[in-house]
Amino acid sequence: MSAAEAPVLGVDLDVDSLMRLRLLSTRSSARGAAATAPLGGVARRRRGRGAETYDVRPWSDGDDMRSLDRNVTARTGAPHVRTFHDERERSVLFVVDFRTPMLFGTRRAFRSVAAAEAAVASAWRVIDSQGRVGLAAIGSAGARCFGWAVGARSFPPLLVALAEAHRAALAESAEAAEPSLATALEEMESVGGTSALTLASALDSPGEAFDVIATRIARRRDLSVLLVADRFELAPSPGLYPFRTRVEEGLLRIAHGARTAPDERLARLRRLGARTLEIDAGLDAETMARLLERLDMERFDGRSF
């Protein structure tokens, strides 16, 4: 890559920087505790019924009709059901929001870059605990899953695909129509089966069906939301600010105490059944990794956050 094509720090998504995030994972003090947790990683609330058949037994009142084993039922003449247990592999699908509102930032990085960094840093922790990771992005064409990785060698191609998706989002025309977050999340609902799902987004344009879809996902799989915010949103200084976007420009007036209360969306997401963590896009990668480590430790201890 020539000097003219060199990535702009905080604006472009750099694959080498995403690879270096693994160093933060290997230094994590939580890895020792994670080794003793179920699925080879940090303990999670279990969603769904698992996918491995544990036993086949006669039907009893209250059993789920979906568990009916037709072959054994036909052979014996009496209804039998399968029982299941959880998969032995920790599996997480990470979905990163690259829609137009995410391409914004006033400090260290765009919200889109911070979202990708948070997702990848967390994904490295899963991989280093012998887990399985899926990586997906949301853009103007909807949600797209780039594939799954088991082990560090199979993860870099997904990072390259993620960086290419971000580069395409930066080059996208302002007139391009974009899906609501609800629409994109619904596209990812069946991807990965009962694996955990982590969404990294600022939750712009969630869509009318977002609460319904998020609740439905949280009921059958572990749902986490990394709520990404720019420092200007978290603690804006009062004043009159000129702005320009792809579609408009003008003046923004910020009053005193514009962001004194906690973001109500965090409580709202918890009510829907999701785990939540607010990510400041202005934080450096190491500080962000410590937040994610604390998140994992709280999961390991069985507490919500």
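Every chain is numbered on its own, with residues counted from 1 as its sequence reads. Owing to the predicted nature of the model, reporting of local features is limited to residues with pLDDT of at least 70; listing and counting of side-chain atom pairs is limited to 80 or more, with chain, interface and lining totals taken over all residues. Neither water nor hydrogens contribute to the side-chain values; these are computed over all heavy atoms in the structure.

Enquirer: I keep staring at the packing of helix 4 (residues 111-128) against helix 5 (residues 156-171) and nothing clicks. Help me out?
Expert: Angle between the axes and distance between the axes: these two values describe a pair of packed helices. Running from N to C, helix 4 and helix 5 cross one another at 170°; their axes reach a closest spacing of 12 Å. By the angle between their axes, helix 4 is roughly antiparallel relative to helix 5. Residue-level inspection shows Ser112, Val113, Ala116, Val120 and Trp124 of helix 4 in contact with helix 5, the latter providing Leu159, Leu162 and His166. Of the residues that constitute the contact of helix 4 with helix 5, the class distribution is six nonpolar, two polar and no charged. Axes, fitted as lines to C-alpha atoms, cover a helix only where it is in contact. Angles between the N-to-C directions of the axes lie from 0 to 180 degrees. Working definition: helices are DSSP H or I runs of at least four residues, strands are E runs of at least two. Numbering for both runs from the N terminus. Note on terminology: angles under 35 degrees are roughly parallel, angles over 145 are roughly antiparallel, angles of 65 to 115 are roughly perpendicular, and the others are oblique. Whether two residues touch is decided by their heavy atoms; if any such pair falls within 4.5 Å, the residues are in contact. When residue character is reported, Ala, Val, Leu, Ile, Met, Phe, Trp, Tyr, Cys and Pro are called nonpolar, Asp, Glu, Lys and Arg charged, and the others, Gly included, polar.

Enquirer: Quick question: what am I supposed to make of the nonpolar core here?
Expert: If you look at soluble globular proteins, the nonpolar side chains tend to sit buried side by side. Membership of the largest hydrophobic core comes to 48 residues, with the highest contact counts inside it found for Leu13, Phe94, Phe98, Val120, Leu135, Phe155 and Leu162. Among the elements that take part in this core, helix 4 stands out by supplying twelve residues, more than any other. In contact with Phe155, other than residues within four places in its own chain, are Val120, Ala123, Trp124, Ile127, Val133, Leu135 and Ala149. Residues grouped as a nonpolar core are buried Ala, Val, Leu, Ile, Met, Phe, Trp, Tyr and Cys residues, joined through side-chain atoms within 4.5 Å. A 1.4 Å probe rolled over the protein chains alone gives each residue an accessible area, and that area as a share of the maximum for its type sets the label: buried under 20%, exposed over 50%, partly exposed in between. Leu203, Phe210, Ala218 and Val225 belong to the second-largest nonpolar core, a separate cluster that totals 26 residues.

Enquirer: Help me out: how do you make sense of the environment of Glu178 in this one?
Expert: Of note, Glu178 is situated in the loop between helix 5 and helix 6 (181-188). Classification of Glu178 as partly exposed rests on a relative accessible area of 32%. Taking the C-alpha atoms as reference points, Glu178 and Gly139, separated by 39 residues in sequence, lie 7.0 Å from one another. Once you skip the residues sitting within four places of it in the chain, Glu178 turns out to touch Arg99, Thr100, Pro101 and Ser140.

Enquirer: Any chance you could explain the sheet that holds strand 10 (residues 275-280) here in plain terms?
Expert: Each strand in a sheet pairs with its neighbour through backbone hydrogen bonds, running either in the same direction (parallel) or in the opposite one (antiparallel). Spatially, six strands are ordered 5-4-3-6-7-10 in an open sheet, and the strand pairing comes out mixed. Since the sheet does not close on itself, it has two edges, and those belong to strand 5 (142-150) and strand 10, each with one partner. Between one strand axis and the next, the sheet turns by 20° as a mean value, whatever way the strands run. Following DSSP output, two strands are said to pair if at least two bridges run between them. Both strand 7 (residues 223-229) and strand 10 contribute to a ladder of six bridges, which runs parallel. For Leu226, the partnering residue across the bridge sits in strand 10 and is Leu277. Relative to the sheet, helix 4 contacts strand 3 (91-97), strand 4 (132-139), strand 6 (196-201), strand 7 and strand 10, its axis offset from that of strand 3 by approximately 170°.

Enquirer: Any chance you could explain the confidence of the model for the protein chain here in plain terms?
Expert: Parts of the prediction with low pLDDT should not have their coordinates interpreted in detail. Per-residue pLDDT for the protein chain averages 79, and the proportion of residues at 70 or more is 69%. pLDDT runs from 0 to 100 and stands for how confident the predictor is about each residue. This model gives residues 29-54 a pLDDT under 50, and the stretch forms 79 contacts once residues within four places in sequence are excluded. Low pLDDT, under 50, characterises residues 300-305; the predicted model gives this stretch 14 contacts beyond four residues in sequence or across chains.

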